[in-house]
Amino acid sequence: MLKKALQGVLTEQEANDLYSAFDQIGDIIVVRIPDSLLSKKKIIGETLLEAVRPARSVFYQSSDVSGDFRTRKLEVIAGEDNTETEYREYGCRFRVDVEKAFFSPRLSTERKRIADLVQDGEVLINMFGGVGMFSIVAAKMKNCTVYNIDLNPHASKLCEQNIKLNKKMKGKIISINGDASQVVKEQLQDTGDRTLMLLPERSDEFLDSAILATKSGGVIHYYSHQHADKRQNAVELSKQHYLQVSPVKSEILGGRMVRAVGPRYYQMVVDVKITK
Ligand SMILES: C[S@@+](CC[C@H](N)C(=O)[O-])C[C@H]1O[C@@H](n2cnc3c(N)ncnc32)[C@H](O)[C@@H]1O
């Protein structure tokens, strides 16, 4: 239906390329458009707005995700110019602002995987917690305590709203706005049974803080980006990379590809049990 609508205004190949380049987040659509099609962005926006229900706005992503806050520039190409919406996942509700704070619907499988691993009674330190996506999915399913830390004040504010929106959680979440390494040093040393490090570009830089935050015998979920010829090799490369950079005794519990982030370039996670 959508492909057909796009094929009405683009060639079949162009429509196929665009089909995998957009995300629907609540009633917002975010689309990446190749330079060769930029002259057609208005008609692409109007076609998507018409064909995807319930869509209120279509934004063209005009920059990569960048900067400390991992945000992107968006330009409205059809519908309302409002980047805030509500997104639902695993029975949870989230207020998100697709321009002011990081958000990706493509991490949903990883959120569920982490929530399944969390045990009742655990303390979870989400060092780069954003608007609280991983924290809320985990606390909805398990009676855990989660510290959701983020440097971006918009993300922390949305996290606080999201905690209020999800009243029936089994666990509880504390939203902290600040630099994760500073917060850990001042408030959360040897606190976590489990620590999440979802800032793959800078994991090496923050590994000491993650170790400081985690109890001996606790688990760290260490995310990284790896170049690999084959997907299967990326898992082994990410494990080797972690073992090279880690200063503590670590037992690798597992590793997996979270998502492809470019040609032969993958976001990976390694789960490790550390001993201090
Ligand atoms: C890739 S996003 C992940 C957000 C969230 N875990 C999610 O999946 O929706 C990384 C987050 O780290 C935050 N961040 C960057 N540097 C930070 C720091 N030094 N301390 C705490 N948070 C930081 C950014 O603002 C951003 O929200």
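What you are looking at is a predicted structure, and each value in this text was computed from that prediction instead of being measured.

This paragraph deals with the domain arrangement of the chain. When the domains of the chain are assigned, the result is domain 1 (2-82) and domain 2 (102-275). Using C-alpha coordinates to define each centre, domain 1 is positioned 30 Å away from domain 2. Taken together, the contact between domain 1 and domain 2 spans eleven residues of the former and ten residues of the latter. Summed over both sides, the interface between domain 1 and domain 2 buries roughly 870 Å², with carbon and sulfur atoms accounting for 55% of that surface. Contact with domain 2 buries area across many residues of domain 1, yet Asp68, Phe69 and Arg70 alone supply 56% of it, more than any other trio. Put simply, domain 1 and domain 2 have three salt bridges between them.

The UniProt record marks residues 22-276 with the feature "domain: SAM-dependent methyltransferase TRM5/TYW2-type" (unreviewed entry), using the residue numbering of this structure. Regarding residues 22-276, the helix share stands at 30% and the strand share at 36%, and the terminal C-alpha atoms are separated by 44 Å.

Most peptide bonds are trans, and most residues other than glycine sit at a negative phi. Residue Pro54 is bonded to the preceding Arg53 through a cis peptide linkage, with omega at -10 degrees. The backbone of Arg264 sits at a positive phi, close to 55 degrees, despite the residue not being glycine. Structurally, Arg264 is set in the loop between strand S12 (249-262) and strand S13 (265-275).

Another aspect to go through is the site of the ligand. Taken together, 21 residues surround the ligand, and among them Asp68, Phe128, Asp150, Asp179 and Ala180 come closest. In this structure, Asp150 approaches the ligand through a side-chain N or O atom, which is 2.7 Å from an oxygen atom. At a separation of 3.1 Å, a nitrogen atom of the ligand approaches a polar backbone atom of Leu151. Taking 600 Å² as the accessible area of the ligand by itself, protein coverage stands at 98%. Residue composition of the shell around the ligand, grouped by class: twelve nonpolar, four polar and five charged. Here the shell around the ligand spans two domains, and each of domain 1 (2-82) and domain 2 (102-275) adds at least three residues to it.

The strand order S9-S8-S7-S10-S11-S13-S12 describes an open sheet built from seven strands, whose pairing is mixed. Whereas interior strands pair on both sides, the edge strands pair on one side only; in this sheet they are strand S9 (172-177) and S12. Along the sheet, successive strands turn relative to each other by an average axial angle of 15 degrees, direction set aside. Where S12 meets S13, eleven bridges bridge the pair, whose relative direction is antiparallel. Opposite Met257, over in S13, you have Met268 as the bridge partner. Relative to S9, helix H6 (residues 153-165) is tilted by about 160 degrees, and along the sheet it contacts strand S8 (145-150) and S9.

Bringing the environment of Tyr242 into the picture now. With respect to the helices, strands and loops of the structure, Tyr242 is situated in helix H9 (residues 231-245). Taking C-alpha positions, Tyr242 is 9.5 Å from Ser203, a pair spaced 39 residues apart along the chain. Those residues in contact with Tyr242, other than ones at most four positions away along the chain, are Leu207, Tyr222, Ser250, Ile252, Val272 and Ile274.

This next bit is on the packing of aromatic side chains. For the structure on display, the rule yields three aromatic pairs. An angle of 75 degrees between the planes, with centres 5.0 Å apart, marks the rings of Phe128 and Phe206 as edge-to-face. With a gap of 78 residues between them, Phe128 in the loop between strand S7 (123-126) and helix H5 (133-141) and Phe206 in helix H8 (residues 203-213) connect regions that are remote in the sequence. Side by side, Phe128 and Phe206 carry an identical accessibility label, which is buried. Pairing Tyr222 with Tyr242 gives two aromatic rings, centres 5.2 Å apart and planes at 65 degrees, and the pair type is edge-to-face. Here Tyr222, found in strand S11 (residues 214-227), pairs with Tyr242, found in helix H9; they are 20 residues apart in sequence, far enough to count as distant.

This paragraph deals with the sheet that holds strand S4 (residues 74-79). With mixed pairing, four strands are arranged side by side in an open sheet as S1-S2-S3-S4. Two strands bound the open sheet, and with one partner strand each, they are strand S1 (22-25) and S4. Looking at each pair of strands side by side, their axes are set apart by 25 degrees on average, direction ignored. Across four bridges, S1 lies against strand S2 (residues 28-31) in antiparallel orientation. Bridging from a neighbouring strand, Gln24 pairs with Ile29 of S2.

What counts and how
Residues numbered from 1 in each chain as written. Predicted model: local features only at pLDDT ≥ 70, side-chain atom pairs only at ≥ 80, totals over all residues. Heavy atoms only, no water. Domains from an automatic or database assignment. Contact = heavy atoms within 4.5 Å. Buried area = accessible area lost by both parts, 1.4 Å probe. Salt bridge = Lys/Arg side-chain N within 4 Å of Asp/Glu carboxyl O. UniProt positions renumbered as here; feature names shortened; annotations may be inferred. Helix = DSSP H or I, 4+ residues; strand = E, 2+ residues; numbered from the N terminus. Near = heavy atom within 4 Å. Polar contact = N/O pair within 3.5 Å; in protein donor to acceptor, adjacent residues only side chain to side chain. Areas by Shrake-Rupley, 256 points an atom, 1.4 Å probe, with all protein chains shown as cover. Nonpolar A, V, L, I, M, F, W, Y, C, P; charged D, E, K, R; others polar. Pairing = 2+ DSSP bridges. Axes fitted to C-alpha atoms, helices over the stretch in contact; angles between N-to-C directions. Phe/Tyr/Trp six-rings, centres within 6.5 Å; stacked < 30°, edge-to-face > 60°. Buried < 20%, exposed > 50% of the residue type's maximum accessible area, 1.4 Å probe, protein only.

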